[in-house]
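Results of the structural survey
As a plain string of letters, each chain reads:
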Amino acid sequence: MKFAITKSEDIDEAREVHKQTFPDDPWVGDDHEYWFATDEAGSVVAFATAVYSPASQSVYLSRCGVLPEAAGHGLQRKFIRARSIWARGTGAKFIFTYTSLKNYPSMVSLIRSDFRMIKPKAARAWRSFHIFVKVLYVDVDIKAAVEKAAELIG
């Protein structure tokens, strides 16, 4: 099965897929950027979001939801790659995100996409989540990026 990944401004479609993939979670926000995966019939089967913060020069990968019929086709990694390319274009220095403690498929996708799992010194969130950071440029201080990501999440 083939899928197309596209960036979109269709907030209504993003809200609909969010309801289907995260029925118990609040909406991530209208200020995010949206990507969709469509199948060969043109149906949206997955979505991902990200938001750029100029103040911290970072991008937060805020959501990735895949409908059950499209699971197992590497869509999360494709979304990570698409959002990483977009993040570089924003001028972000690093990307960060988190997963729940037992969300192993997401953890594997992030690690295979060059993210590092971190345990920051001063984060409350790490007790309930795993935090991941990807530095986009070699001149970025990884320790500073880790602590900033923890501050932004936690």
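Scroll up to find the structure.
Attention in this report is confined to the structure presented alongside it. What you see as residue numbers is a count from 1 along each chain, following the sequence as written. For a predicted model such as this one, the threshold for reporting local features is a pLDDT of at least 70, and the threshold for listing and counting side-chain atom pairs is 80 or more; totals across whole chains, interfaces and linings nevertheless cover every residue. Calculation of side-chain values draws on the structure's entire complement of heavy atoms; hydrogens and water are dropped beforehand.

Overview of the overall build of the protein chain
Runs of H or I in DSSP of at least four residues are treated as helices and runs of E of at least two as strands, each being numbered from the N terminus. A count of helical and extended segments in the protein chain gives 4 helices and 7 strands. Listed N to C, the secondary structure of the protein chain is β-α-β-β-β-α-β-α-β-β-α in terms of helices and strands. Against the globule reference of 15 Å for 154 residues, the protein chain gives a C-alpha radius of gyration of 15 Å, in line with a compact fold. Over its C-alpha atoms, taken along the principal directions, the protein chain stretches across nearly 45 × 30 × 30 Å. Only protein chains enter the accessibility calculation, which uses a 1.4 Å probe; a residue is then buried when its area is under 20% of its type maximum, exposed when over 50%, and partly exposed in between. Taking all 154 residues of the protein chain together, 44% fall into the buried category. Only carbon and sulfur atoms are counted for the fraction: they give 50% of the accessible area of the protein chain, which is about 8,500 Å². Charge convention: Lys and Arg are scored as positive, Asp and Glu as negative, and His as well as the terminal groups of each chain are ignored. We put the charge of a Lys on NZ, of an Arg on CZ, of an Asp on CG and of a Glu on CD. Positive and negative charge centroids in the protein chain, built from 21 and 18 side chains respectively, lie 11 Å apart. For a compact globule the rule gives 2.2 Å times the number of residues to the power 0.38, and the radius of gyration it is set against comes from C-alpha atoms. Each accessible area is a Shrake-Rupley result for a 1.4 Å probe, and residues are judged covered by the shown protein chains and nothing else.

Re the side chain of S62
By secondary structure assignment, the location of S62 is in strand β4 (residues 58–66). Side-chain polar atoms of S62 contact the side chain of T49, separated by 2.5 Å. Contacts of S62, omitting those with residues within four sequence positions, involve V28, H32, T49, A50 and R83. Under this definition, polar contacts are N or O atom pairs within 3.5 Å; protein pairs additionally need one hydrogen-donor-capable and one acceptor-capable atom, and for neighbouring residues in sequence, both atoms have to be side-chain atoms. Two residues qualify as a contact provided that any one of their heavy atoms is within 4.5 Å of a heavy atom in the partner residue.

As for the nonpolar core
We define the nonpolar core as a collection of buried residues of types Ala, Val, Leu, Ile, Met, Phe, Trp, Tyr and Cys that are connected through side-chain atoms lying within 4.5 Å of one another. Ranked by internal contacts, the top residues of the largest apolar core, which has 23 residues, are V59, L75, F79, I95 and F115. Broken down by element, this core gets its largest block of residues, 5 residues, from helix α2 (residues 75–90). With residues near it in sequence (within four places) discarded, F79 still touches I5, W35, F36, A37, A46, F47, A48 and C64. I118, I131, V133 and A145 belong to the second-largest nonpolar core, a separate cluster that totals 11 residues.

Looking at the packing of α2 against helix α3 (residues 104–112)
Here the axes come from fitting lines to C-alpha atoms, over the contacting stretch only for helices, and the angles between their N-to-C directions go from 0 to 180 degrees. The geometry of α2 relative to α3 is characterised by a closest axis approach of 9 Å and an angle of 40° between their N-to-C directions. When the axes of α2 and α3 are compared, the pair comes out oblique. In the packing of α2 onto α3, the handedness of the crossing is right-handed. Packed against α2, whose contacting residues are Q76, R77 and I80, the element α3 presents P105, S106, S109, L110 and R112 at the interface. By the definition adopted for this analysis, an angle is roughly parallel if under 35 degrees, roughly antiparallel if over 145, roughly perpendicular if from 65 to 115, and oblique otherwise. Take the far helix as the reference: if the near one is turned anticlockwise from it by less than a right angle, the crossing is left-handed, and if turned clockwise, right-handed.

Description of the side chain of S106
As for its position among the elements, S106 is in helix α3. Sequence-distant contacts of S106, defined by excluding residues within four places in its chain, comprise Q76 and T99.

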